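Summary of structural features
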Amino acid sequence: MKRLLTWLLAVGTLLPAAAQQITEQDKERAAALVERMTLDEKLDYIGGFNSFYIRAIPRLGIPQIRMADGPQGVRNDTRSTMFPCGIAAAAAWDRALVRDYGRALGQDCRARGVHILLGPGVNIYRSPLCGRNFEYYGEDPYLAAETAAAYIEGMQAEGVMACVKHFVGNNQEWNRHHVSSDIDERTLHEIYLPAFRKAVTGAKVGAVMSSYNPLNCVHMTENRPLTVGLLREKWGFDGIFMSDWNATYSAVGAANGGLDLEMPRARFMNAENLRPALENGLVTEATVDEKCRHILQTLIAFGFLDREQTDAKIKERNPFSDQVALEVARGGIVLLKNEGDVLPLKGVRRIAVVGPIAKSRYHLLGSWSSKGDAEDVVSVFAGLEAEYGDKAELLYAQGCNFDGEDASGFGEAVAAASAADVVVLCLGEKRDWSGENASRSSIALSEIQERLARELAKTGKPIVLVLSSGRPLELCRLEPLSAAIVQMWQPGLRGGGPLAGILAGRINPSGRLAMTFPYSTGQIPIYYNHR
């Protein structure tokens, strides 16, 4: 109720919950517009322009449509609230909270005139090595589907189109344009497709984005049995099927394969390639018309042809968004270990706060953060300062960098630990260790971080290990050294505040894992259903 009241105060009025439904009237209006378009206009319209836009056709009253990345905050030539990463939202196991997450993102889009936000990402976690696990919702199809649906419903209720991605089987980032995800029919339908199905049939998502990878050796922008046979004919999808950026691989194959919109521009589905195909009968004009209708009927259903997308009533620095970012960070933090009830930290006089994550702000944001966000982030150290005030003295030492071999800071770290009652050791990943084209060969932390932990353990002081990452980490050597372990993921803007509240006992750590933590890299692949 508190979240709902806050949201109502922030927005003032609700948009119709059914704003994303595509009606027969929407289809008729789109068809009438397509009839008035020239062939050149139609061929231009099915390719993006200026990287993140669908072009305008002013003479027909069709406006320019703006898109933006990404799933955890509005990017591309703007600053906005950076929310916790997707895996943190999934770890909250809270539909209402994720629906607020979508609403907050929708409001941030409306404040900036963004029509389509490119999220959520719902690819199923199969290996922690994948660089984009941080933005997905874990390994369970049901959890991923419910989380995605809530996110989409919240966003689209604000008059912003969600684009669920990446359809389908995008399991790794290495060589992603060429490595085929070979998946049998049963596994495809039971594991990989449920989140997309829920997004389409349940949440009525406005757009679906293709993956880069081939599925069973066929690229998704040309995979008509899935993009048309399944997505449209079986699931009833009437929205836009767009490519991921530069994920189109041919003109005729994509045109006949069900692709509506090639992004970020028409490298293949352009007049130069399609005019000869039309003349030779390889592609029909009816196929091109259908693509234009799919795009336009979806834009019409969302009201984009009938109103300004920028909502001046919503502040760019939106208090509701900041509050939701705080609540998601709080809800997604997972207590992995608490031996001897070392947590909460009560009655302690001195706390050593050590490690490369301790005062980091930039790396708490995750891979999808936009320009300038780090200056607004609450670090772990700042969160503890605010939480404890004059009730405990904080002793800080970085100890080491994220990687490399420089151990010159070990002495200062050991001295701080020796003088303290407890050590809060903050380790983890750089933000660019996750992300597009950022798959890894190991989930272990760097040797320098593990060496720091071993040196601190020699002091005999209890260690509370705080981890910031976009994936599970290899803990087989760190776990025996730690009295408590807290996984904070990539917590976004408010990061250190919720963590400090949990360490102090003011906030209950209610997050639960959305994926399996392997004992070591050698145990990969491992997931609970083994299918």
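Residues numbered from 1 in each chain as written. Predicted model: local features only at pLDDT ≥ 70, side-chain atom pairs only at ≥ 80, totals over all residues. Heavy atoms only, no water.

**Observations concerning the pattern of salt bridges**
- By the definition in use, this model includes 35 salt bridges.
- For Glu436, the salt bridge goes to Arg132, with nearest N and O atoms at 3.5 Å. Separated by 304 residues along the polypeptide, Glu436 in the loop between strand S12 (422-428) and helix H16 (447-457) and Arg132 in the loop between strand S3 (116-117) and helix H6 (141-156) bring together distant segments of the chain.
- For Glu436, a relative accessible area of 31% translates into the label partly exposed.
- Judged by its relative accessible area of 1%, Arg132 is buried.
- We note a salt bridge from Asp403 to Lys430, for which the minimum N-O separation is 3.6 Å. In this pair, Asp403 sits in the loop between strand S11 (393-397) and helix H15 (410-419) while Lys430 sits in the loop between S12 and H16, placing the two residues 27 residues apart along the sequence.
- With a relative accessible area of 33%, Asp403 lands in the partly exposed category. (Salt bridge = Lys/Arg side-chain N within 4 Å of Asp/Glu carboxyl O. Helix = DSSP H or I, 4+ residues; strand = E, 2+ residues; numbered from the N terminus. Buried < 20%, exposed > 50% of the residue type's maximum accessible area, 1.4 Å probe, protein only.)

**Quick word on the packing of H6 against helix H8 (residues 194-202)**
- Following both chains from N to C, one finds H6 and H8 inclined at 35°, their axes separated by 8 Å at the closest point. With respect to the hand of their crossing, H6 and H8 are arranged in right-handed fashion. Contact with H6, carried on its side by Pro141, Ala144, Ala145, Glu146, Ala149, Ile152 and Glu153, involves Pro194, Ala195, Lys198, Ala199 and Gly202 of H8 and no other residues of that element. (Axes fitted to C-alpha atoms, helices over the stretch in contact; angles between N-to-C directions. Left-handed = near helix turned anticlockwise from the far one by under 90°. Contact = heavy atoms within 4.5 Å.)

**Topic: unusual backbone geometry**
- Residue Pro120 is reached from Gly119 by a cis peptide bond, and omega for that bond is 10°.
- Structurally, Pro120 is set in the loop between S3 and H6.
- With an omega of 0°, the peptide bond between Met263 and Pro264 qualifies as cis.
- Note that Pro264 resides in the loop between helix H10 (251-257) and helix H11 (271-279).

**Section: the sheet that holds strand S8 (residues 240-242)**
- Strand order across the open sheet formed by 6 strands is S1-S2-S3-S4-S5-S8, with mixed pairing between neighbours. The open sheet has two free edges, formed respectively by strand S1 (53-54) and S8, since each of these has just one partner strand.
- Pairing of strand S2 (residues 65-68) with S3 involves 2 bridges; the strand directions are parallel. Note that in S3 the partner of Ala68 across the bridge is Leu117. (Pairing = 2+ DSSP bridges.)

**Examining the confidence of the model for the chain**
- For the chain, mean pLDDT is 94; residues scoring 70 or higher make up 95% of the total.
- Taken together, the stretch residues 1-19 has pLDDT below 50 and engages in 26 contacts with residues farther than four places along the chain or on a different chain. (pLDDT = per-residue confidence, 0-100.)

**Quick word on the nonpolar core**
- Formed by 138 residues in total, the largest nonpolar core has its most connected members in Tyr45, Met67, Phe167, Val168, Met242 and Leu425.
- Broken down by element, the residue count for this core peaks at 9 residues, all from H6.
- Apart from the residues within four sequence positions on either side, Phe167 is in contact with Leu193, Phe196, Val208, Met209, Ser210, Ser211, Met220, Leu226, Leu230, Leu231, Trp235 and Phe241.
- Core analysis: the next-biggest nonpolar cluster, separate from the first, contains 37 residues, Ile351, Tyr388, Ala483 and Ala504 among them. (Core = buried A, V, L, I, M, F, W, Y, C linked by side-chain atoms within 4.5 Å.)

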